[in-house]
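For reference, the chains in residue letters:
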Amino acid sequence: QFSPDGQFLAIGGYDATVAIVDVTSLTAPHIVAEIPVDGLINSLDWNPNGELLAIGGSDKLCTLVDASQNWQILHDLRRPASVSCAEWHPNGRHLAIGSSDVVVVDVETLRVEKEISFQNDDGNDDTMSFTSNMSTGLVSSTSSVASG
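Student: Could you give an account of the overall build of the protein, with specific residues and numbers?
Tutor: Along its length, the protein carries zero helices and 13 strands. Going from N to C terminus, the protein has its helices and strands arranged as β-β-β-β-β-β-β-β-β-β-β-β-β. Sequence-distant contacts in the protein: of pairs separated by 6 or more residues, those separated by 24 or more amount to 32%.

Student: Could you give me a rundown of the pattern of salt bridges, with the residues and numbers involved?
Tutor: Tallying each qualifying case throughout the model produces four salt bridges. Measuring nitrogen to oxygen at the nearest pair gives 3.5 Å for the salt bridge that ties glutamate 113 to arginine 111. The structure contains a network of salt bridges with shared partners spanning Arg93, Asp106 and Glu108.

Student: Give me the lowdown on the environment of aspartate 66, citing residues and values where you can.
Tutor: Relative to the assigned elements, aspartate 66 resides in strand 6 (residues 61–66). The exposure class of aspartate 66 is buried, given its relative accessible area of 11%. Residues aspartate 66 and leucine 53 lie 13 residues apart in sequence; the distance between their C-alpha atoms is 6.6 Å. The contacts of aspartate 66, once residues within four sequence positions are left out, are Glu51, Leu52, Trp71, Gln72 and Leu74. At a separation of 2.5 Å, a polar atom in the side chain of aspartate 66 contacts the side chain of serine 68.

Student: Describe in detail the packing of aromatic side chains, supporting the description with residues and values.
Tutor: By the definition in use, this model includes three aromatic pairs. Here the aromatic rings of phenylalanine 8 and tryptophan 71 are separated by 5.2 Å at their centres, their planes lie at 90°, and the arrangement is edge-to-face. Of this pair, phenylalanine 8 sits in strand 1 (residues 8–11) while tryptophan 71 sits in the loop between strand 6 and strand 7 (72–78), and the two are 63 residues apart along the sequence. Exposure class is identical for phenylalanine 8 and tryptophan 71. Each is buried. The rings of Phe8, Trp46 and Trp71 are connected pair by pair, giving a single aromatic cluster.

Student: Lay out the sheet that holds strand 3 (residues 30–36) with the relevant residues and their values.
Tutor: Spatially, 1-2-3 is the arrangement adopted by the three strands of the open sheet, whose pairing is antiparallel. Every other strand in the sheet has two partners, leaving strand 1 and strand 3 as the edge strands with one partner each. Pairwise comparison of adjacent strand axes, ignoring direction, gives a mean angle of 20° for this sheet. The pairing of strand 2 (residues 17–22) with strand 3 spans six bridges and is classified as antiparallel. The residue bridging alanine 19 from the neighbouring strand is glutamate 34, located in strand 3.

Student: Which residues make up the pairing of strand 7, and what values go with them?
Tutor: Bridge count for strand 6 against strand 7 is six bridges, and the pairing is antiparallel. Residue leucine 64 lies in a different strand from strand 7, and its bridge partner there is histidine 75.

Rules and cut-offs
- Residues numbered from 1 in each chain as written.
- Predicted model: local features only at pLDDT ≥ 70, side-chain atom pairs only at ≥ 80, totals over all residues.
- Heavy atoms only, no water.
- Helix = DSSP H or I, 4+ residues; strand = E, 2+ residues; numbered from the N terminus.
- Contact = heavy atoms within 4.5 Å.
- Salt bridge = Lys/Arg side-chain N within 4 Å of Asp/Glu carboxyl O.
- Buried < 20%, exposed > 50% of the residue type's maximum accessible area, 1.4 Å probe, protein only.
- Polar contact = N/O pair within 3.5 Å; in protein donor to acceptor, adjacent residues only side chain to side chain.
- Phe/Tyr/Trp six-rings, centres within 6.5 Å; stacked < 30°, edge-to-face > 60°.
- Pairing = 2+ DSSP bridges.
- Axes fitted to C-alpha atoms, helices over the stretch in contact; angles between N-to-C directions.

None of the figures reported here should be taken as evidence of function without further support.
This is the structure we're talking about:
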């Protein structure tokens with residue numbers, strides 16, 4: 001995920017580490033930070049001004065990292081299941097986090113402002129991905145259930 005100004009690229013996956021790469025010079029990119037987490041990285045999203053990075057993972061956390069404070073971890077927002085996606089509102093204050101539900105969190109107060117729960121036909125929660133338009137309050141979600 002590129003930062004809004006294009007200076008950094010956040011890379012995460014199976015190794016439980018988010019690498020922050022300075023790509024100012026594409027001929028000589030270099031890692032400026034490595035952020036450890038306790039699981040797989042499922043989602044990365046920068047807030048609109050590029051100061052905060054949301055990291056969603058299999059550890060049931062959405063971790064907020066401050067790029068302006070030497071990549072310091074600010075908060076770990078615990079969810080009921082693996083965090084499959086996180087997306088910032090254009091105002092930079094609200095963050096939608098998808099897990100077995102979707103919550104909209106005010107990152108200044110850490111208060112959940114909205115919660116949307118989903119259940120499949122057998123009553124179990126499903127992990128989902130989503131696209132949101134928080135100015136209208138609409139959330140479009142998709143989920144898949146593995147058959148066994």
